Amino acid sequence: MRQLNDKTAHEFDHRQIADAAVATWNEVKNAASKISEADTKYYCLCMLPYPSGRLHMGHVRNYTIGDVITRYQRMNGRDVLQPMGWDAFGLPAENAAIKNGVPPAKWTYDNIDYMRKQLKSLGFAIDWSREVATCDPRYYRWNQWLFLRMLEKGIAYKKTGTVNWDPVDQTVLANEQVIDGRGWRTGALVEKREIPMYYLGITSYADKLLKALDHLPGWPERVKIMQANWIGKSEGVEIHFPYDRQSIGADGALKVFTTRADTLLGATYVAVAAEHPLAEAAAARNPQLVAFIDECKKGGVTEAELATQEKKGMDTGLFVRHPLTDEKLPVWIANYVLMGYGEGAVMAVPAHDQRDFEFARKHGLPLKVVVRSEAGDVLAADAMREALVEHGIIVNSGVYDGLTTAQAIDAVANELKKRSLGEKRTVFRLRDWGISRQRYWGCPIPIIHCPGCGDVPVPDRDLPVVLPEDLAPDGSGNPLVKCEAFVNCACPTCGKPAKRETDTMDTFVDSSWYYMRYACADNDQAMVDERVNQWLPVDQYIGGIEHAILHLLYSRFWTRVMHDLGLVNFEEPFTNLLTQGMVLNHIYFRKGKSGGITYFSPDDVTPVMNEQGQITGATHKADGQPVEYGGMGTMSKSKANGVDPQALVDKYGADTVRLFMMFAVPPEQSLEWSEAGVEGAHRFLKRLWKAVVDHVQSGPAPKLDSAMLNDAQRELRRQVHATIAKVSDDIGRRYMFNTAVAATMELLNAITRSDDASPQGRAVLQEALESIALLLTPMAPHTCEALWQMLGKDGAIVNANWPKPDPEALVRDTIEIVVQVNGKLRGRVAVAADADRKQVEQAALAEPNVQRFVEGQTIRKVIVVPGKLVNLVV
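Residues numbered from 1 in each chain as written. Predicted model: local features only at pLDDT ≥ 70, side-chain atom pairs only at ≥ 80, totals over all residues. Heavy atoms only, no water.

Digging into the overall build of the protein chain
Selection rule: In this text, helices come from DSSP runs of H or I with a minimum length of four residues, and strands from runs of E with a minimum of two, each type numbered from the N-terminal end. Asp and Glu are treated as the negative residues and Lys and Arg as the positive ones, with His and the ends of the chain left uncounted. Where a charge lies is defined by one atom per residue type, namely NZ (Lys), CZ (Arg), CG (Asp) and CD (Glu).
Each helix and strand counted, the protein chain has 29 helices and 37 strands in total. Across its three principal directions, the C-alpha atoms of the protein chain cover 105 × 80 × 65 Å. Charged side chains of the protein chain number 99 positive and 109 negative; the gap between the two group centres comes to 1 Å.

Shown next, in the form of C-alpha cells:
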C-alpha cells in the first residue's frame with residue numbers, strides 16, 4: 001500500500017492524498033469487474049458523455065452519483081460493473097471542424113484523451129478496460145451489422161421523408177439548426193424537401209413499449225408519463241371521404257383518422273399537407289397553388305413549430321364527399337398539416353377543434369356546432385370566441401342527437417363500417433425512426449447503390465464500412481459525397497461499378513445499445529456474447545431528465561429488437577432509473593443597443609443585494625458599470641455561468657467537489673452552485689482529518705469491551721451505530737446522499753465534543769472514526785483511504801466491508817426527554833428507556849429549571865409524548 005509521508009500525515013494535502021490513494025487502487029485493481037455468482041452482480045451505469053472538450057458540472061454530478069452507488073454496492077459484497085465510453089459521433093464535431101479547420105476525428109480523439117484524464121482525477125471507480133467510443137469502427141461495425149438484420153426482417157426500410165434543406169450549403173439541417181426559418185450558418189430560407197431515407201419500424205413495437213412501462217417500478221413516474229405521452233396511443237376512427245369525381249376526375253377516397261368521430265357532422269372542410277397527392281394534382285393547373293406549396297415547404301417540420309406558426313392555407317378548388325351526408329366539402333392546403341403524420345390529411349371541425357377554429361376564422365370558412373356541454377346550451381357559431389373542445393351531448397346531427405360523445409363515436413363508427421367508409425382503429429402518435437443523416441461524422445449506412453441491382457446491402461464479410469477520418473467539412477454539404485475513394489466501389493452482387501450510400505446513421509443509434517457492448521467490449525467476432533446476459537439488464541441507470549424520451553425509448557426499442565432476434569434474453573435494458581437535476585448558477589448580462597446580449601461570468605461581477613439579502617443586480621469588476629441579474633439558470637458556456645471542475649479539483653481536491661455535490665440537495669433536485677458550500681465541504685474534511693490525526697497521535701487504542709462502557713461511552717457508541725444504520729439506508733435504499741453526509745457530520749460533532757481519554761473512551765473513538773471513514777468512502781474515497789491507513793487498518797478501504805449496525809449498541813438504557821411548560825422548552829431529563837408515564841412525570845417535575853416555572857402554580861394538565869417530551873400546562 002502506498003504510504004503518506006510525514007508531512008501529509010499531519011497536514012491535509014489533497015494532492016498527495018489523492019496520489020497515494022490512486023496508487024493503492026491501481027495496486028489492488030479496485031475497479032476491475034468480474035462476476036463470481038449470478039445473484040451478486042450489480043451493473044451501475046451513467047449515461048455516456050459527448051466528448052465536447054471539458055467536463056462540466058452536470059457531468060461531475062452525474063458520475064459522482066454513479067460512483068457513490070457503485071462503491072457502496074462493492075463494499076456490500078456485490079460484483080460491480082461501472083464502465084465508461086464516449087458518444088463520439090455527431091453534429092458538434094462537424095461544427096468544430098468547420099470552425100477550426102481540422103477533421104472531426106482529431107478534435108474528437110483529443111477531447112476524449114483530455115476528458116478521460118479529468119474523470120480519473122475525480123477518483124471514479126471505472127473499469128477502463130471496457131472503454132468504448134462510438135466513432136471506433138470496432139464499435140459501429142455492429143450498428144451496421146444489426147441494421148442489416150433489421151433490413152432482412154423488414155424492421156428497417158426505405159421511404160421518402162421530409163427534411164430541412166439549406167439551398168445555399170446544399171445540405172440537410174437538424175431542427176435545432178433552423179433559426180426563424182433560416183439556416184444557422186448561411187441565413188438562407190430553409191426549404192422542406194422530400195428525399196429517400198431509411199427508417200426503423202419502432203411503431204410496430206409501440207404497444208409493447210407502452211404496456212411495459214407498467215412493469216418498470218424502478219423508473220420515475222414522470223419519465224413513464226413522458227414516454228407514454230410520446231408514444232401517444234389513441235383509440236379512434238379512420239374515416240374515408242370519397243373523392244368528388246366531378247372536381248377531382250378520379251375515384252378514390254381521402255383517409256383521415258380522428259378521435260372525435262362524434263363531431264363528423266360538424267366537418268365543414270378537409271385540410272391536406274402541401275405534399276399530399278391532391279395538393280400536387282390541384283397545383284398542376286394553378287400557379288398560385290404552386291407558389292403556396294413552395295412557401296409551405298419553407299416552414300417548420302416539428303409539432304412545436306406547427307403549433308405556434310401563423311395558420312396559412314389555400315383552397316385547391318377540389319372537393320370530397322361527406323361519408324354520411326354526401327355533402328361536398330372543399331379541400332384546402334394548410335401549413336399546419338404534415339405529410340409525415342398519418343395520411344397527411346385532417347377532417348376540419350372548426351367549432352370543436354381550436355386549430356381548425358383559428359384557420360376557419362382566418363379564411364372565412366363556416367362553423368357548425370354539433371356538441372353542447374352537458375350543463376350548457378347549444379352555442380351560436382357566430383358568437384364563439386374559441387372552439388368547444390370538451391366532450392358533451394351531440395346536437396344538430398340528426399339520428400345522433402342526444403347521444404353522449406362516447407355513444408356517438410360508437411354509433412358513427414358502426415355506420416361507417418356498414419357503408420365501407422371507415423372503422424375503429426388504434427393509432428399511435430409515435431412515428432417510425434428516421435435514421436438517415438446527410439452528414440459526414442457518423443456511422444455509414446451499409447448500402448451500395450448499383451445501376452443494375454438497385455440498393456444492395458453490404459455483405460457481412462465486408463463490414464465495417466469504415467468512415468474516412470481525414471475529411472474536414474467546410475459547411476457546403478456532406479464531404480463524403482465528394483470523396484471518390486469512399487463512394488466508388490463494386491457491386492457485391494454483379495461486380496460492376498457502383499456507389500456507396502453517403503448518408504450516415506442518427507447518433508441515437510450509437511447510444512441505443514452501448515450499455516451492452518461494455519459487457520463484451522473485447523469481442524471482435526460478435527455484437528454480444530453470453531456476458532451480456534450475465535451483466536444485463538442494467539441495475540441502476542443514471543442520467544438527465546432531458547433524455548427521458550428519445551434516448552430511453554430508442555434504447556428500449558433496440559433491446560426488444562435484439563431480444564426478438566435471439567441475441568439477448570432480456571426485453572428491458574434498465575431496471576432502475578435515476579434522473580438527476582441540473583446544476584444551476586447565477587446569470588449576469590447586458591443588453592446591447594442592437595438588441596444583442598452579452599453574458600458575464602459570476603466571478604467577474606460584484607452582486608448588489610437588497611435588505612433581504614436577495615440579488616437585484618451587479619456591477620462589472622473591470623469597468624464598474626451596472627450588469628443585469630437573470631436569476632439562477634442551468635450552467636452553460638453560452639451564458640458564461642459555468643464553473644470549471646478541474647480548477648476546483650486543483651484548488652480543493654476531488655473529494656471536496658464530490659462531497660459538496662452529494663451534500664447540497666437530493667439527486668433529483670436542481671443544485672444551486674455555491675462556492676461557500678464547496679468551502680464548507682472542504683472545512684469538514686479538514687476537521688475529520690484533524691480528528692483522526694489527534695486520535696492517532698495519542699497512541700494505539702485498546703480493544704473495545706462493550707461491557708465496560710460508562711453511560712457517556714455507550715451513548716456515543718449508540719450514535720455511531722445509529723449513524724451506520726441511517727447512512728446505509730440513505731445510500732442503499734433512498735439515494736438521499738445529502739442526509740447521509742449530514743449524519744456523518746453530526747457524528748463528527750459528537751466525536752469532537754468528547755474529551756474522554758480513558759482506554760475504553762479511546763476504543764469507542766477508534767470505532768467511531770473507523771466508521772466515519774467507511775461511511776464516507778463512497779463520497780470521499782481518496783481522503784478515507786488515507787484515514788484508513790492512519791487508523792492502522794490493513795488493506796484498502798475501498799475493498800473493506802461496509803459496516804453493519806450492532807443491534808445491542810442501538811439499545812438505549814436511558815433516553816432524553818424534552819420538558820416544556822406551556823409549550824416552551826424549560827429543560828431536558830434523562831429517564832430509563834422503559835420508564836412508564838408516572839416515572840417520566842416525576843423526573844420532569846424534579847428538574848430544577850422546570851421547578852422554577854411551575855413553583856406556586858397549579859398544574860392543570862400533563863401531556864406526555866412517549867419517548868419524546870412532557871408538556872406541563874399551568
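More follows now that the structure is in view.
Comments concerning the sheet that holds strand E18 (residues 422–428)
We apply this condition: Two strands qualify as a pair provided DSSP detects at least 2 bridges between them. Between N-to-C directions, angles cover 0 to 180 degrees, with each direction set by a line fitted to C-alpha atoms, over the stretch in contact for helices. Whether two residues are in contact is decided by their heavy atoms: any pair within 4.5 Å suffices.
Pairing in this open sheet of 3 strands is antiparallel, and the strands run E11-E10-E18 from one edge to the other. Looking at strand neighbours, the two that pair on one side only are strand E11 (253–258) and E18, the edges of this open sheet. Strand-to-strand twist of the sheet, defined as the mean angle between neighbouring strand axes without regard to direction, takes the value 30°. Strands in contact with helix H14 (residues 405–418) are strand E10 (233–242) and E18; relative to E18, the strand with the most contacts, it is inclined by about 120°.

Side note on the pairing of strand E26 (residues 540–544)
To keep things clear, this is the line we draw: The buried label applies to any residue whose accessible area, calculated with a 1.4 Å probe on protein chains only, is under 20% of its type's maximum; exposed applies above 50%, and partly exposed to all values in between. By convention, a crossover is right-handed whenever its connection, traced from the first strand over the helix to the second and viewed with the strands pointing away, goes clockwise.
Of all 5 residues in E26, 5 are buried; the element is thus mostly enclosed. Of the strand pairs in this sheet, strand E1 (residues 41–46) and E26 are connected by 3 bridges, and their pairing is parallel. Looking at the pairing, Cys44 lines up with Gln540 of E26. Both E26 and strand E27 (residues 577–580) contribute to a ladder of 4 bridges, which runs parallel. Among the inter-strand pairings, Gly543 is bridged to a residue of E27, identified as Thr579. Taken together, E26, helix H19 (residues 550–564) and E27 form a β-α-β motif whose crossover is right-handed.

Notes on the sheet that holds strand E14 (residues 328–334)
Overall, mixed pairing links the 4 strands, which are arranged E13-E14-E12-E15 in an open sheet. If you trace the sheet from one side to the other, it starts and ends with strand E13 (313–321) and strand E15 (345–348), each paired once. Between one strand axis and the next, the sheet turns by 30° as a mean value, whatever way the strands run. In terms of strand pairing, E13 meets E14 through 6 bridges, oriented antiparallel.

Examining the pattern of salt bridges
Inclusion rule: What makes a salt bridge here is a side-chain nitrogen of Lys or Arg within 4 Å of a carboxyl oxygen of Asp or Glu, nothing more.
One pass over the structure, following the stated rule, counts 43 salt bridges. Arg138 is paired through a salt bridge with Asp136; the nearest N and O atoms lie 2.6 Å apart. The class for Arg138 is exposed, based on a relative accessible area of 64%. Exposure remark for Asp136: the relative accessible area of 17% places this residue in the buried category. Between Lys312 and Glu295 there is a salt bridge, and its shortest N-O distance comes to 2.7 Å. Remark: Glu295 occurs in helix H11 (residues 287–296) and Lys312 occurs in the loop between helix H12 (303–308) and E13; sequence separation between them is 17 residues. Lys312 sits in the partly exposed class, given a relative accessible area of 29%. Judged by relative accessible area, which is 38%, Glu295 ranks as partly exposed.

Some remarks on the packing of aromatic side chains
Note the threshold: Pairing of aromatic rings covers Phe, Tyr and Trp, the last counted by its six-membered ring, and requires centre-to-centre distances within 6.5 Å; plane angles under 30 degrees mean stacked, over 60 mean edge-to-face, and any other angle means tilted. Whether a charge sits over a ring comes down to the Lys NZ or Arg CZ being within 6 Å of the ring centre and within 35 degrees of the ring normal.
The final tally for this structure, using the stated rule, is 27 aromatic pairs. Ring centres of Trp142 and Trp145 lie 5.9 Å apart, and the angle between their planes is 75°; this geometry places the pair in the edge-to-face category. Highlighted residues: Trp142 and Trp145, both in helix H6 (residues 137–153), separated by 3 residues, approximately one helical turn. Residue classification places Trp142 among the buried positions, given a relative accessible area of 4%. Between Tyr205 and Phe557, the aromatic rings sit 5.4 Å apart at their centres with planes inclined by 75°, giving edge-to-face as the arrangement. Linking Tyr205 in the loop between strand E9 (191–200) and helix H7 (206–212) with Phe557 in helix H19, this pair joins segments that are 352 residues apart in sequence. Like Tyr205, the residue Phe557 is buried in the burial classification. Linked through ring pairs, Tyr205, Trp433, Phe508, Tyr554, Phe557 and Trp558 together constitute an aromatic cluster. Over the aromatic face of Trp25 sits the side chain of Arg71, whose NZ or CZ is 4.7 Å from the ring centroid.

Concerning a negative patch on the surface
The condition is simple: Patch rule: a residue counts if its relative accessible area is over 30% and it has no salt bridge; like charges are joined within 9 Å, and nonpolar side chains (Val, Leu, Ile, Met, Phe, Trp, Tyr) within 5 Å. The Shrake-Rupley method, run with a 1.4 Å probe sphere, supplies the accessible areas, and residue values consider only the shown protein chains as cover.
Together, Asp603, Asp604, Glu675 and Glu679 make up a negatively charged patch on the protein surface. Residue position: Asp603 is located in the loop between strand E29 (597–600) and strand E30 (605–609).

Topic: the environment of Lys591
As for its placement among the helices and strands, Lys591 is situated in strand E28 (residues 583–591). Residue class for Lys591 comes out exposed when judged on its relative accessible area of 58%. Remark: the alpha-carbon pair of Lys591 and Val627, spanning 36 residues in sequence, is separated by 9.1 Å. For Lys591, the residues in contact, after removing those within four places along its chain, are Gly596, Ile597 and Glu628.

Focus on the nonpolar core
We apply this condition: Buried residues of nine kinds, namely Ala, Val, Leu, Ile, Met, Phe, Trp, Tyr and Cys, make up a nonpolar core once their side-chain atoms join them within 4.5 Å.
Residues Phe147, Trp558 and Trp673 are the most contacted members of the largest nonpolar core, which totals 176 residues. Ranked by residues supplied to this core, first place goes to helix H22 (residues 675–697) with 9 residues. Not counting chain neighbours up to four residues away, the residues in contact with Trp673 comprise Met57, Val583, Leu584, Asn585, Met632, Met635, Val643, Leu648, Phe660, Met661 and Val678. Core analysis: the next-biggest nonpolar cluster, separate from the first, contains 41 residues, Leu278, Leu318, Ala345 and Val412 among them.

With respect to the packing of helix H21 (residues 654–664) against helix H24 (residues 737–753)
To be explicit about the condition: For this classification, under 35 degrees means roughly parallel, over 145 means roughly antiparallel, 65 to 115 means roughly perpendicular, and everything else is oblique. Residues are sorted three ways: Asp, Glu, Lys and Arg are charged, Ala, Val, Leu, Ile, Met, Phe, Trp, Tyr, Cys and Pro are nonpolar, and all the rest, Gly among them, are polar.
It is at 6 Å that the axes of H21 and H24 come closest, and there the two elements cross at 110°. Of the possible angle classes, the one that applies to H21 and H24 is roughly perpendicular. Across the interface between the two elements, Leu659, Met662 and Phe663 of H21 pack against Phe737, Asn738, Val741, Ala742 and Met745 of H24. Split into classes, the residues belonging to the contact of H21 with H24 amount to 7 nonpolar, 1 polar and no charged.

Examining empty space enclosed by the protein
Rolling a probe over the atoms, with the probe sized like a water molecule, indicates the empty space that remains. What counts here: Cavity and pocket criteria rest on a 1 Å grid covering protein atoms alone: a 1.4 Å probe that fits but cannot get out defines a cavity, protein on both sides within 12 Å along at least 5 of 7 lines defines an open pocket, and an atom within 4 Å of a point defines a lining residue. Grid points are joined across faces, edges and corners, and a volume is the space filled by probe spheres set on the points.
For the coordinates displayed, the defined rule picks out 2 cavities of 30 Å³ or more. Quantified by volume, the largest cavity comes out at close to 120 Å³. For the lining of the largest cavity, the secondary structure elements donating two or more residues are helix H4 (91–100) and strand E6 (171–173). A per-element tally of the lining of the largest cavity places H4 first, with 4 residues. The wall of the second largest cavity is formed by Cys46, Tyr63, Gln82, Pro83, Met84, Phe124 and Ile126.

A short note on the side chain of Arg762
Spelled out, the test is: Residues adjacent in sequence count toward polar contacts only when both atoms are side-chain atoms; beyond that, a polar contact is any pair of N or O atoms within 3.5 Å, and within protein one must be able to donate a hydrogen and the other to accept it.
Take Arg762: it is sitting in helix H25 (residues 759–776). No salt bridge is formed by the buried Arg762, whose closest oppositely charged neighbour, Asp756, lies at an N-O distance of 8.5 Å. Looking at Arg762, its side chain comes within polar contact range of the main-chain oxygen of His695, at 2.6 Å. A distance of 2.9 Å separates a polar atom in the side chain of Arg762 from the backbone oxygen of Gly699. If sequence neighbours within four positions are ignored, Arg762 has contacts with His695, Ser698, Gly699, Pro700, Ala701, Asp756 and Ala757.

Brief notes about H25
Short version of the rule: Multiply 1.5 Å by the residue count of a helix minus one, and that product is the helix's expected span.
Between its first and last C-alpha, H25 extends 26 Å over 18 residues, near the 26 Å set by a 1.5 Å rise per residue. Across the 18 residues of H25, 17 count as buried, placing the element largely inside the fold.

What about the packing of helix H23 (residues 711–734) against H25?
Running from N to C, H23 and H25 cross one another at 10°; their axes reach a closest spacing of 10 Å. The angle between H23 and H25 places the two elements in the roughly parallel class. Contacts between H23 and H25 involve Gln713, Leu716, Arg717, Val720, His721, Thr723, Ile724, Val727 and Ile731 on the former and, on the latter, Gln760, Gly761, Val764, Glu767, Ala768, Ser771 and Leu775. In the contact of H23 with H25, the residues fall into 8 nonpolar, 6 polar and 2 charged.

Considerations on H21
One turn of the α-helix equals 3.6 residues, which is why residues spaced by three or four share an orientation. Across the 11 residues that make up H21, a large majority, 9, are buried. Of the positions making up H21, those classed as buried are Ala654, Asp655, Thr656, Val657, Arg658, Leu659, Phe660, Met661 and Met662.

Digging into unusual backbone geometry
Cis geometry is found at the peptide bond from Leu463 to Pro464, where omega equals 0°. Inspection of the secondary structure puts Pro464 in the loop between strand E22 (454–457) and helix H15 (484–487). In this structure, the amide linkage connecting Leu536 to the following residue, Pro537, adopts the cis form with an omega of 0°. Summarising the element assignment, Pro537 is placed in the loop between helix H18 (530–535) and E26. At Lys29, a position not held by glycine, the phi torsion is positive, near 50°. Following the sequence through the fold, Lys29 ends up in the loop between helix H2 (14–28) and E1. Under the relative-accessibility criterion, Lys29 is labelled exposed at 60%.

Such coordinate-based values are descriptive only and should not be taken to indicate function.
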